[in-house]
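Descriptive structure summary
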Amino acid sequence: MAATKKQIHLSAFLNGVGHHVAAWRHPNVDPSGAIRFDAYRRVVALAEAAKFDAVFFADNLALPLAPPEQLSKGAVANFFEPSSLLFALAPLTTHIGLIATVSSTYMPPFHTARKFASLDHISGGRAGWNLVTSATDAEARNFGLKDQIGHQERYARAAEYVAVVKGLWKSWDKDPYLFDKESGRYFDPDKLHILDHEGTYYSVRGPLSLPPSPQGHPVIVQAGSSDDGQALAAQTAEMVFTAQPDLAAATAFATGLRARLAAFGRSADGIRIMPGLQPFVGETRAEAQAKFDTLQALIDPAVGLGLLYAMTGIRLSPDKLDEPVETLALNEGMQSRIALFSELGRGLTLRQLLLKVAGARGHWTVIGTPQEIADQIEAWIDAGAADGFNIMAPILPGGLEDFTRLVVPELIRRGRFRTGYETSTLRQHLGLSSEQ
Ligand SMILES: Cc1cc2nc3c(=O)[nH]c(=O)nc-3n(C[C@H](O)[C@H](O)[C@H](O)COP(=O)(O)O)c2cc1C
């Protein structure tokens, strides 16, 4: 019997209108989608109907530090608090994993532990927490700081933060309840543990007010790719999102990250690496290319420069649009993304760079027929560059409809993707053990 081919995991990285910087201007996009719950409900239903492992909602705790005039040209100005979205979506879905970003720098760990444990109970074991350290001065200014906390310290705090959150998730042993109305004993006191964490950054007594959730604990996701980011991921993450522009970069990243797990006593199979993938799909290559070209033509260079600033913290002058891109100096922000943009900008003008990253912010972009895209997806999986992909539809709902209608059936035909949910929790969908 032929060996079962490695199965692909898929998550849908969602927002209200699509990931391309000009998505809201596309004729097939309703720009009000960013602030209408039914628009989110619809794309989540699409992903669940296609049997995706999860949906993911990112978060930023501020709008970019730009004048309203400049912000007024982009849909980035509007988005819901992501975990609130997930609590609203949980009762409207049955199997799909629900992942949201919460910042370890600006949200106390007790809140995060309780929020995701609650979501895991309410959703029947489908919660995932994307840990970010929040990498902009704009966010710092919403929490009483002038400038952001340094990169290294943010990650050092994050490592202790995860230990506190996981400690709180272990407040109760399994099956603590006695419900003995006769003796008046509600639970077995030996099954409740007080954390009493006293660390460098956090002092948290605990316990949490919730027993172990259906997954044991929610899935921990991480999206930092710098050396500090990878070290934290190797220690704590079960799922890793990353921006990798091509197969070689993605393979090097995945191989390097897996190799780090052993240092924390973890097996290389204890993590799912999910690079971002922005697909432009057409029945023909020309049709797919036309979809890409249509969006590229809608890019306003000022908005493109705004995106570069939001991602790098570096203000680049519109006067230099047709000059070669200078190397972007690292700062305390998103270090791997700054390095990636420098790399992508080698030999380009500033205008060419912003056109290159306007769609997928440095993530892998593929343009082609369903067969061509499935070929490349299989190549990444078989090269060990990925366990699956975080699908970043350029426009919503159209881009996700294209992918689920055209590419997913092709992956199924090739024996690479599930035809139905055989499992019920996110952890089970991903084939992750709960003992992590
Ligand atoms: C797919 C993906 C999703 C991300 N989502 C968020 C997010 O929701 N909020 C956020 O502040 N940062 C987000 N980030 C940025 C990371 O948290 C991190 O700051 C960035 O990857 C740079 O990490 P580094 O400084 O370790 O290189 C995301 C990154 C990726 C690749």
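The notes below deal with the structure included here. (Residues numbered from 1 in each chain as written. Predicted model: local features only at pLDDT ≥ 70, side-chain atom pairs only at ≥ 80, totals over all residues. Heavy atoms only, no water.)

**Focus on the site of the ligand**
Around the ligand, the structure places 25 residues, and the nearest of them are His151, Tyr155, Ala223, Ser226 and Ser336. The separation between an oxygen atom of the ligand and a polar side-chain atom of His151 is 2.6 Å. Between an oxygen atom of the ligand and a side-chain N or O atom of Ser336, the distance comes to 2.5 Å. Coverage of the ligand by the protein amounts to 95% of the 630 Å² it exposes when considered alone. Those elements giving two or more residues to the shell around the ligand turn out to be strand E4 (127-132), helix H6 (151-169), strand E10 (239-242) and helix H11 (335-344). A total of three residues in the shell around the ligand trace back to one element, the largest contributor, which is H11. Counted by class, the shell around the ligand contains nine nonpolar, 14 polar and two charged residues. Residue contributions to the shell around the ligand reach at least three from each of two domains, namely domain 1 (9-284 + 360-430) and domain 2 (300-357). (Near = heavy atom within 4 Å. Polar contact = N/O pair within 3.5 Å; in protein donor to acceptor, adjacent residues only side chain to side chain. Areas by Shrake-Rupley, 256 points an atom, 1.4 Å probe, with all protein chains shown as cover. Helix = DSSP H or I, 4+ residues; strand = E, 2+ residues; numbered from the N terminus. Nonpolar A, V, L, I, M, F, W, Y, C, P; charged D, E, K, R; others polar. Domains from an automatic or database assignment.)

**Quick notes on the environment of Tyr186**
Inspection of the secondary structure puts Tyr186 in strand E6 (residues 185-187). By relative accessible area, Tyr186 is classed as exposed at 52%. Linking Tyr186 and Glu332, residues 146 residues apart in sequence, is a C-alpha distance of 49 Å. Apart from the residues lying within four places of it in its own chain, the contact partners of Tyr186 are Tyr177, Leu178 and Phe179. (Buried < 20%, exposed > 50% of the residue type's maximum accessible area, 1.4 Å probe, protein only. Contact = heavy atoms within 4.5 Å.)

**Section: the environment of Gly206**
With respect to the secondary-structure elements, Gly206 resides in the loop between strand E8 (203-204) and strand E9 (219-222). Of the residues examined, Gly206 reaches a relative accessible area of 15% and is grouped as buried. Taking C-alpha positions, Gly206 is 27 Å from Ala231, a pair spaced 25 residues apart along the chain. Not counting chain neighbours up to four residues away, the residues in contact with Gly206 comprise Leu168 and Ile194.

**Describing the packing of helix H1 (residues 37-49) against helix H14 (residues 398-413)**
Between H1 and H14, the least distance of the axes is 10 Å, while the angle of their chain directions is 15°. Our classification of the angle between H1 and H14 gives roughly parallel. Both H1 and H14 take part in a crossing whose hand is left-handed. The residues of H14 that touch H1, namely those facing Arg42, Val43, Leu46 and Ala47, are Leu400, Glu401 and Thr404. Of the residues in the contact of H1 with H14, the class split is four nonpolar, one polar and two charged. (Axes fitted to C-alpha atoms, helices over the stretch in contact; angles between N-to-C directions. Parallel < 35°, antiparallel > 145°, perpendicular 65-115°, else oblique. Left-handed = near helix turned anticlockwise from the far one by under 90°.)

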